[in-house]
Amino acid sequence: MKPIILAVLMDDISSIKPIKDSSFAMMLEAQKRGWDIYTFDSTDMFYGDGKVIANARKTLVKDSEHEWYKCEATEELQLTNIDVVFMRKDPPFDMDYIYATYLLERAEDSGVLVVNKPSSLRDANEKLFALNFPDCIPETLVSSNIEKLSEFISKIKTAVVKPLDGMGGTDIFKLTKGDKNIAGVLRKITKQGSRYIMAQEFLPEIKDGDKRILLINGRPVDYALARIPAEGNFKGNLAAGAKGVGQPLSERDRYLCSQIAPMLIEKELMFVGLDVIGDYITEINVTSPTCIRELDSQFNLNISSILLDEVEVKLALR
């Protein structure tokens, strides 16, 4: 039987931390199943003569912190000749990322399964997508107007403000009514009132962690990774020093998942990371969700196997 061919669009595999990298976990499971794996970056992809092609390298992986990969020589891989592409390019979600989704869409039109769906990656901004579920999010304002943002902070007393295209806790600020630096922070992250940002009610439950819930084809994994801020910090980002502690999903967590699941399925967002603080969704991550390795390790799971099972079902229906 012909093996499934998987191409993974990702940052250079030599630069990852295999013990933490979710794309790497997916490749380990794919290799275990006998799939052929190729890796490439967005700059390796191009369109010519009516075809989408990637300068890709066949890749072998090993579950090790040393010598975790081996790549063959670069070859021109016509994406229409493969079965599935995993779009796992890390943010920033910039114009080059968007251009890459357009090229992947051409491959998709030829019958290639792209996870997640390229047009939905463009539609589902990780901060703004949650606005589709107003009853599930904290009090929120999206604006570039410094006066409106200041009034919002005064009204709710304490807010978290953040850019719409950030990641890893960069340029996220906690502002409280009366703080002397409110105007300066807002001028900085709105670029003098010319860029939209999000301001949200501060949720004190952050002390118990910013929970990352992984959903596969709309169904949540049974455990979340609560990213508990470092002492003296309010950011629940592993990149900002938070500690990841696994825990079973609560009834409220499952309710929130049930509210967003139909739209995830409709938009073919097969692998999604939901961020929850207390009772509320704060972000819906669709570009390159992480935390597979941490949850697998803490609960003896194989989350990638669930994902690849779903991929195989979809491929069988094509």
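Since the model is a prediction, treat every value here as computed from it, not as a measurement.

Undergrad: I'd like a description of the sheet that holds strand β8 (residues 140-143), backed by residues and values.
TA: Within a beta sheet, neighbouring strands are joined by backbone hydrogen bonds and run either parallel or antiparallel to one another. One open sheet accounts for four strands, arranged β8-β11-β9-β10; its pairing is antiparallel. A strand with exactly one partner marks an edge of an open sheet, and here the two such strands are β8 and β10 (173-176). Within the sheet, the average angular offset between the axes of one strand and its neighbour, ignoring direction, is 25 degrees. Where helix α5 (residues 182-189) meets the sheet, it contacts β9 (158-163), β10 and β11 (197-201), and its direction lies at approximately 145 degrees from that of β10.

Undergrad: Requested: an account of the packing of helix α4 (residues 146-156) against α5, with residues and values cited.
TA: Where α4 meets α5, the axes come as close as 10 Å, and the angle between the chain directions of the two elements is 130 degrees. Compared by their axis directions, α4 and α5 come out oblique. Between α4 and α5 lies a crossing whose hand is right-handed. Contacts from I146, L149, S150 and I153 in α4 reach I182, L186 and R187 in α5.

Undergrad: Quick one: what's the story with the side chain of E29, residue by residue and with numbers?
TA: Inspection of the secondary structure puts E29 in helix α1 (residues 22-32). Residue classification places E29 among the buried positions, given a relative accessible area of 6%. When residues no more than four places from it in sequence are discounted, the contact partners of E29 are N302, S304, S305 and L308.

Undergrad: Can you break down helix α2 (residues 95-109) residue by residue, with the values?
TA: For α2, spanning 15 residues, the distance from its first C-alpha to its last is 21 Å, which sits close to the expected 21 Å at 1.5 Å a residue. Looking only at α2, the buried set comprises Y97, I98, A100, T101, L104, E105, A107 and E108. The buried residues of α2 occupy an angular sector of 160 degrees when projected down its axis, which confines them to one face. Turned more than 90 degrees off the buried face of α2, the exposed positions are D96 and D109. Buried residues along α2 sit against β1 (5-9), β3 (45-48), β4 (51-61), β6 (84-87), β7 (113-115) and α3 (118-123). At the N-terminal end of α2, a side-chain oxygen is found 3.3 Å from the backbone nitrogen of D96, two or three residues along, and the residue is D94. Just downstream of α2, G111 is the residue with a positive phi angle, here 110 degrees.

Undergrad: Describe the pattern of salt bridges, listing the residues and the values that go with them.
TA: On inspection of all chains with the given rule, the structure shows 24 salt bridges. Across the pair E283 and K162 runs a salt bridge whose closest N-O atoms are separated by 3.5 Å. A residue pair is termed long-range when its members are at least 10 positions apart, and E283 in strand β17 (residues 280-285) and K162 in strand β9 qualify at 121 residues. K162 shares its class with E283; the two are buried. Linked by salt bridges that have partners in common, E29, K32, R33, D309 and E312 make up one network.

Undergrad: How would you sum up the side chain of S120? Please name residues and give values.
TA: Relative to the helices and strands, S120 is located in helix α3. At 2.5 Å, the side chain of S120 and the backbone oxygen of K267 are in polar contact. Among all residues touching S120, those that are not within four sequence positions of it are K267 and L269.

Thresholds applied
Residues numbered from 1 in each chain as written. Predicted model: local features only at pLDDT ≥ 70, side-chain atom pairs only at ≥ 80, totals over all residues. Heavy atoms only, no water. Pairing = 2+ DSSP bridges. Helix = DSSP H or I, 4+ residues; strand = E, 2+ residues; numbered from the N terminus. Axes fitted to C-alpha atoms, helices over the stretch in contact; angles between N-to-C directions. Contact = heavy atoms within 4.5 Å. Parallel < 35°, antiparallel > 145°, perpendicular 65-115°, else oblique. Left-handed = near helix turned anticlockwise from the far one by under 90°. Buried < 20%, exposed > 50% of the residue type's maximum accessible area, 1.4 Å probe, protein only. Expected span 1.5 Å × (residues − 1). Arc of directions from axis to C-beta. Polar contact = N/O pair within 3.5 Å; in protein donor to acceptor, adjacent residues only side chain to side chain. Salt bridge = Lys/Arg side-chain N within 4 Å of Asp/Glu carboxyl O.

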